[in-house]
Protein chains: 2
Amino acid sequence: MRSSNYLLSTLKETPNDAEVVSHQLMLRAGMVRRLASGLYTWLPTGLRVLRKVENIVREEMNKAGAVETLMPVVQPADLWQETGRIDQFGPELLRIKDRHNRSFVLGPTHEEVITDIARKEINSYKQLPLTLYQIQTKFRDEVRPRFGVMRAREFIMKDAYSFHISDECLNETYNKMHQAYCNIFDRIGLEYRPVLADTGSIGGAVSHEFHVLAESGEDDIVFSDGSDYAANIEKAEALAPAGERPAATQALAVVDTPDAHSIEDVCKLLSVDATQTVKTLLVAAEAEKGEAQGVVALVVRGDHTLNEVKAEKIAGVASPLTFANEEQVQAAANCDAGSIGPQGLNCPVIVDRSAAHLADFVCGANVNGQHMTGANWDRDISDYTVADIRNVVEGEPSPCGKGTLSIKRGIEVGHIFQLGTKYAEAMNAGVLNMQGKQQIMTMGCYGIGVSRIVAAAIEQNNDEHGIIWNESIAPFKVSIIPMNMHKSADVKEAAEKIYADLQAAGIEVLFDDRKERPGVMFADSELIGIPHNIIIGDRSLKNGLVEHKLRLTGDKTEVAVADIVAHIKSLLA
Amino acid sequence: MRSSNYLLSTLKETPNDAEVVSHQLMLRAGMVRRLASGLYTWLPTGLRVLRKVENIVREEMNKAGAVETLMPVVQPADLWQETGRIDQFGPELLRIKDRHNRSFVLGPTHEEVITDIARKEINSYKQLPLTLYQIQTKFRDEVRPRFGVMRAREFIMKDAYSFHISDECLNETYNKMHQAYCNIFDRIGLEYRPVLADTGSIGGAVSHEFHVLAESGEDDIVFSDGSDYAANIEKAEALAPAGERPAATQALAVVDTPDAHSIEDVCKLLSVDATQTVKTLLVAAEAEKGEAQGVVALVVRGDHTLNEVKAEKIAGVASPLTFANEEQVQAAANCDAGSIGPQGLNCPVIVDRSAAHLADFVCGANVNGQHMTGANWDRDISDYTVADIRNVVEGEPSPCGKGTLSIKRGIEVGHIFQLGTKYAEAMNAGVLNMQGKQQIMTMGCYGIGVSRIVAAAIEQNNDEHGIIWNESIAPFKVSIIPMNMHKSADVKEAAEKIYADLQAAGIEVLFDDRKERPGVMFADSELIGIPHNIIIGDRSLKNGLVEHKLRLTGDKTEVAVADIVAHIKSLLA
């Protein structure tokens, strides 16, 4: 590709509205442009990378025995009625009406459509197992699209769905897909981790996310240093502290704590450590039909944070988790939110394992401006249940029993699920089994954020000059930078010859034939992150040499003009 | 690919709701399934063909110097406001609101988006010419989707857009694209014709459509037998009859024609030929601001048909063309539609060239149940203008001056346009020209219906057994049909070996390893249209032979087992 025939669209300045480095570099390198909030055009350089990621995903899916299909972006709302997800999904699911006023949605995912296909096309266990996938445009009407293509509204996803007659068979395919995902991320050269995950609105039992480790990640990933345990913090179990709960030694007392509205304020005022306090949060209870909605109290240690995903799975707690409003707080605790305590509440009380292990602790007194000290479970507070409802913290024992936990930030680029019969049952997708009887199929689903991978790869691989691509997904393998070509016939001749030879060898090359200063060409090539740069100048050319510069290390080597193509070939192979 | 690991989904019966052969065969061959009106899922076999078409299109676009991008499916309505097309497009343009109540459209085409990109990214004539394209999902909310993927609502299109500093440069790229389109359709093995075309709602000056010739086509294509003139009937000029208009010989007379409401009725009643009559049609006039909408009379010879595309371009005629309602007819002509004549009308009268060449003709008398005979222009009817407003007919002289015209049906698979400055001007897309001054760019646009090509190819290439694919787009090049493999170890061994060898040679092969009767396997392979079939049976195998059957001709050849892969290779090469 000649630059003169191409749309480079590189930018010198970092755009103001780009917060994370991948977004900044994708704009600067001319990879994407924003059309509207969460909607991006892929310019030529970006699309070249995107297609390479797509192809790696496709190859590994095919290798794993998955078969490619393509479903519509626009889906009939009827199907979402069948599974009930039309109600479960919030406004992220964009609902539309066609010219005949029929209801459709823009597909954020395709479980309904694929299950509809399966129930019509798969009739016998003999056709199973079967894994179908597509690489396709999805739409999620994010309330706050951000970080460029990382959290866009329109994006490219690979979604695969597998169908089985038994859970054993599902498990086998699940493991194959797990391996295929590892192959994909290995080939792209990402530092990533598969982690135990919550199943969210997709549903199912077993689930793993694949996270690319990066500071800008939106997820906390928990690792054990003593095993290969890894989980999304949403899912990581927080163990109860070891040993028996200490015995009560203090008497219960009420103290004035005017103007102390946070745990921090209370600790300072009473000179206690946050680990000796509990905080009590009121959330909406699951409403029985026809009843007014009550509240549930959630109690965690003062230094801990509530894990909302765990909490909303507790029986009796409304999902999605909704914090009580002022009125509900007054009704249940007779005080403001800052002074709630677990004792004497007129609602169910769920206590985290660590909070439940405390003796002589400080808590709100359910009176404004007052707290209690020397509080003890059972003695002072009865009628509560214990559950795991907090986030784990760095340094605590791993729930796997080996090692202690550390936490890193991750970007979710893949998510696989053992769905079981959730969708097949709702949509009555059955087959004849070996015994000739109708049986509901069991399913898996497997997603990869294809466009997000591009951003994630940049988050992990960049420097002050720009992007550093892994060769597997680089937009071009080689750039040719001829210095003052428009003045030197020798440079032009050498550049044209090398360009032709590289192309003949099937190597993707960007030939910078613009009338630009060498500095501009160097900067653009480094910004775009092309792995191999061939610099052609009059001075070296007199000695029959050109320069090869490696983007990754900056290393420069002089190579004979006659050998440069072979040199590049050997480095790529 | 093993059938057991694949979703064949072939059907024995032809589905009732499929009217054209391509739709029937795409359903029967398991290529597509209807999800909702005009929305189709591409099953594995269909997608394999679609991707091959896509790749041929991509390769030829790249060869022609176009650069690939990818724009969003969802477009901000603002951009369509800028060009005014938000009003020009009817309900085919699906309008949607996002969660924040902002207006978007599902993109039926991308002139607005690409022009927005161009005005931001292209600043200098030095960056020109530039041709960008994408292969992408489009949505048009067709009032009556039909013929399967041929006229679907969601479909795959290749759309390219070129930007230039001059019309000469545009013309050059236009010709390159014309050639690229010919290369594409040649490679796919289609019988097609580029034809002069109307520019419709896209706009611009010069335009060609590419039509695949097929009886089921929705367009009439006009050809000259004396030159390479070809045009869509919408665009084909109808010449005036040769020579002077004959002189008037009859006196004007009014005759009673009770119950004669059509030209046919009138001709029978008066024993005249339709070529000696005219019919007068009233359509809505372009309304001046604040005025009530009047009508315009369009007069064509009784045996001719009105060309609506030509008619709506006549100054004073409302676009889109709208026929007058009963009330308007009464107001203008004082009679019912069946008795209108061109004389004494209180509105502009536009007469087709052929009608204007008549003498002593029959026309309506503007009185119910009466016609006029012996009518003559100028003598009896003044105040009219002559224009080309009819469709050409078979056998008339070609407007190119050479040969006579014939008409065939065509399926439009491509359309290229010299847009000029229509979009760039509306959206102020300018660059600095050589003189350092701002200048609006001139543009071309170039569409190919990628998914429609798949259907068009089937319309042209099928027989009673199913589809006959050109090798360039066949879903598989070879099928292996092992007879009774599950009983014969020899057959199984030979089949597995040939399968492995073909795969190793990089040849796409469908290995029918199902426990099915040979007849079912033959039928499926023919239905799907795989070009080469290798039939493996115990009997021939004893003599070291397998059978090669060519789908196109049905020819069978016995080939030594050891030679079959080389044999196939030589046929494919």
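These numbers come from a predicted model, not from an experiment.

Peer 1: Is there a simple way to explain the overall build of chain A in this structure?
Peer 2: Scanning chain A from N- to C-terminus turns up 15 helices and 30 strands. Summarising its shape, the C-alpha atoms of chain A cover approximately 95 × 70 × 50 Å along the three principal directions. For chain A, the proportion of its 573 residues judged to be buried stands at 57%. A fraction of 69% describes how many contacts in chain A between residues 6 or more apart in sequence connect residues 24 or more apart. For chain A, the accessible area works out to roughly 23,700 Å², and carbon and sulfur atoms hold 48% of it.

Peer 1: Honestly, the domain arrangement of chain A in this entry has me stumped. Any pointers?
Peer 2: Often, the extent of an interface is quoted as the loss of accessible area upon association of its parts. All names here are of chain A. What the domain assignment lists for chain A is domain 1 (3–193 + 421–459), domain 2 (253–387) and domain 3 (476–572). Between domain 1 and domain 3, the contact holds 12 residues from the first and 11 residues from the second. Contact between domain 1 and domain 3 buries roughly 1,000 Å² in total, counting both sides, with carbon and sulfur atoms accounting for 61%. Looking at the side of domain 1 facing domain 3, the largest losses of area belong to Ser3, Leu8 and Arg48, adding up to 43% of the total buried there. For the interface between domain 1 and domain 3, the tally reads two salt bridges. Here domain 1 and domain 3 share seven residue pairs in polar contact (both at pLDDT 80 or more) between them.

Peer 1: What am I meant to see in the relation of the copies chain B and chain A here?
Peer 2: After a rotation of 180° and a shift along the axis of 0.0 Å, chain B superposes on chain A with an RMSD of 0.1 Å. These values place the two chain copies in the arrangement generated by a two-fold rotation axis. Closest approach to the rotation axis within chain B is made by the C-alpha atom of Ile96 of chain B, at a distance of 3.1 Å. Comparing interface residues between copies, 100% of those in chain B also lie at the interface in chain A; the contact surface is shared.

Peer 1: Sorry, what's going on with the interface of chain B and chain A here?
Peer 2: Contacts between the two partners involve 59 residues from chain B and, on the opposite side, 59 residues from chain A. Summing the contributions of chain B and of chain A, the shared interface buries around 4,700 Å²; its carbon and sulfur component is 62%. Area buried by chain B at its contact with chain A is led by Leu35, Leu70 and Arg99 of chain B, which between them contribute 15% of it. On the surface where chain B and chain A come into contact, there are six salt bridges. Arg153 of chain A is the salt-bridge partner of Asp98 of chain B, the closest N and O atoms lying 2.8 Å from each other. Along the contact surface separating chain B from chain A lie 18 residue pairs in polar contact (both at pLDDT 80 or more). Considering only residue class, the side of chain B that touches chain A consists of 34 nonpolar, 10 polar and 15 charged.

Peer 1: For this particular structure, what's the right way to read the packing of helix 12 (residues 489–504) of chain A against helix 15 (residues 564–572) of chain A?
Peer 2: How two helices sit against one another is set out by the angle between their axes and by the gap between those axes. All names here are of chain A. Running from N to C, helix 12 and helix 15 cross one another at 40°; their axes reach a closest spacing of 10 Å. In terms of orientation, helix 12 and helix 15 fall into the oblique class. Where helix 12 crosses over helix 15, the two elements pack in a sense that is right-handed. Along its contact with helix 12, which presents Ile498, Asp501 and Leu502, the element helix 15 presents Ile564, Val565 and Ile568. Taken together, the residues of the contact of helix 12 with helix 15 sort by class into five nonpolar, no polar and one charged.

Peer 1: Sorry, what's going on with unusual backbone geometry here?
Peer 2: Of all residues except glycine, most have a negative phi; of all peptide bonds, most are trans. The peptide bond linking Ser319 of chain A to Pro320 of chain A adopts the cis configuration, its omega dihedral lying at 0°. The residue after Leu128 of chain B, namely Pro129 of chain B, is reached through a cis peptide bond having omega -5°. With respect to the helices and strands, Pro129 of chain B occurs in the loop between helix 5 (111–121) and strand 7 (130–139). We note that Ser9 of chain A has phi near 50°; this positive angle belongs to a residue other than glycine. Position of Ser9 of chain A among the secondary structure elements: in the segment before helix 1 (21–28). Of note, Asp378 of chain A is a non-glycine position whose phi angle comes to about 70°, a positive value.

Peer 1: Would you mind going over the pattern of salt bridges with me for this structure?
Peer 2: Side chains bearing opposite charge may pair, as long as their charged atoms lie close to each other. In this structure the tally under the stated criterion is 78 salt bridges over all chains. The closest approach of N and O atoms between Arg390 of chain B and Glu396 of chain B, which form a salt bridge, is 2.9 Å. With a relative accessible area of 10%, Glu396 of chain B lands in the buried category. Salt bridges linked by common partners bring Arg51, Glu54, Arg58 and Glu68 of chain A together with Arg51, Glu54, Arg58 and Glu68 of chain B together as one network.

Peer 1: Explain the sheet that holds strand 17 (residues 361–364) of chain B here, please?
Peer 2: Note: strands within a sheet are paired through backbone hydrogen bonds, in either parallel or antiparallel orientation. All names here are of chain B. Spatially, the three strands line up as an open sheet ordered 13-18-17, and their pairing is antiparallel. Strands at the two margins of the open sheet, each flanked by one partner only, are strand 13 (253–256) and strand 17. Across the sheet, the axes of successive neighbouring strands diverge by a mean angle of 30°, strand direction being ignored. Bridge analysis of strand 17 against strand 18 (residues 370–375) gives three bridges, and the strand direction is antiparallel. Considered in strand 18, the bridge of Gly364 is made with His371.

Peer 1: I keep staring at the sheet that holds strand 4 (residues 74–76) of chain A and nothing clicks. Help me out?
Peer 2: All names here are of chain A. One open sheet accounts for three strands, arranged 4-6-5; its pairing is antiparallel. The strands lining the two open edges of the sheet, one partner per strand, are strand 4 and strand 5 (95–97). The average angle at which neighbouring strand axes cross in this sheet is 40°, direction not considered. As paired elements, strand 5 and strand 6 (residues 103–106) share three bridges and run antiparallel to each other. Paired with Arg95 across the two strands is Val105, which belongs to strand 6.

Peer 1: Even after reading the chapter, I still don't get helix 2 (residues 44–63) of chain A, so can you show me in this structure?
Peer 2: Given 3.6 residues per helical turn, the α-helix brings residues three or four places apart onto the same face. All names here are of chain A. Taking 1.5 Å per residue as the helical rise, helix 2 with its 20 residues ought to reach 28 Å, and the 28 Å between its terminal C-alpha atoms agrees with that figure. Within helix 2, 15 of the 20 residues are buried, leaving the element largely enclosed by the surrounding structure. Following helix 2 by one or two positions, Gly65 adopts a phi angle in the positive range, close to 90°.

Conventions adopted
- Sequence positions are assigned chain by chain, starting from 1 and proceeding in written order.
- Both sets of labels track the order of writing: A upward for chains, 1 upward for ligands.
- Where totals are concerned, whole chains, interfaces and linings use all residues; where local detail is concerned, this predicted model gives features only for residues with pLDDT of at least 70, and gives and counts side-chain atom pairs only at 80 or more.
- Note that water and hydrogens are dropped before the side-chain values are worked out from all heavy atoms of the structure.
- A helix here means a DSSP run of H or I that spans at least four residues, while a strand means a run of E at least two residues long, and both kinds are numbered starting from the N terminus.
- Classification of residues uses two cut-offs on accessible area relative to the type maximum, computed with a 1.4 Å probe and protein chains only: under 20% is buried, over 50% is exposed, and between them is partly exposed.
- Here, residues are in contact when the closest pair of their heavy atoms is within 4.5 Å.
- To be clear on the numbers: accessible area is Shrake-Rupley with a 1.4 Å probe, and residue cover counts the displayed protein chains and nothing else.
- Domain delimitation follows an automatic or database domain assignment.
- Throughout, buried area stands for the accessible area (probe radius 1.4 Å) lost by two parts on being put together, summed over both.
- Salt bridges are counted wherever a side-chain nitrogen of Lys or Arg sits within 4 Å of a carboxyl oxygen of Asp or Glu.
- In the analysis that follows, any N or O atom pair within 3.5 Å is treated as a polar contact, provided that within protein one partner can donate a hydrogen and the other can accept it, and provided that, for residues neighboring in sequence, both atoms belong to side chains.
- A least-squares fit on C-alpha atoms brings the copies together, and the residues used are those whose pLDDT is at least 70 in both copies.
- Nonpolar residues are Ala, Val, Leu, Ile, Met, Phe, Trp, Tyr, Cys and Pro. Charged residues are Asp, Glu, Lys and Arg, and all others, Gly as well, are polar.
- Every angle, taken between N-to-C directions, lies between 0 and 180 degrees, and every axis is a line fitted to C-alpha atoms, over only the stretch in contact when it is a helix.
- Here is the rule for angles: anything less than 35 degrees is roughly parallel, anything more than 145 is roughly antiparallel, 65 through 115 is roughly perpendicular, and the remaining ranges are oblique.
- Take the far helix as your reference; a near helix turned counterclockwise from it by less than a right angle gives a left-handed crossing, and one turned clockwise gives a right-handed crossing.
- Two strands pair under a simple rule: DSSP has to find at least two bridges between them.
- One less than the number of residues in a helix, times 1.5 Å, gives the span that helix is expected to have.

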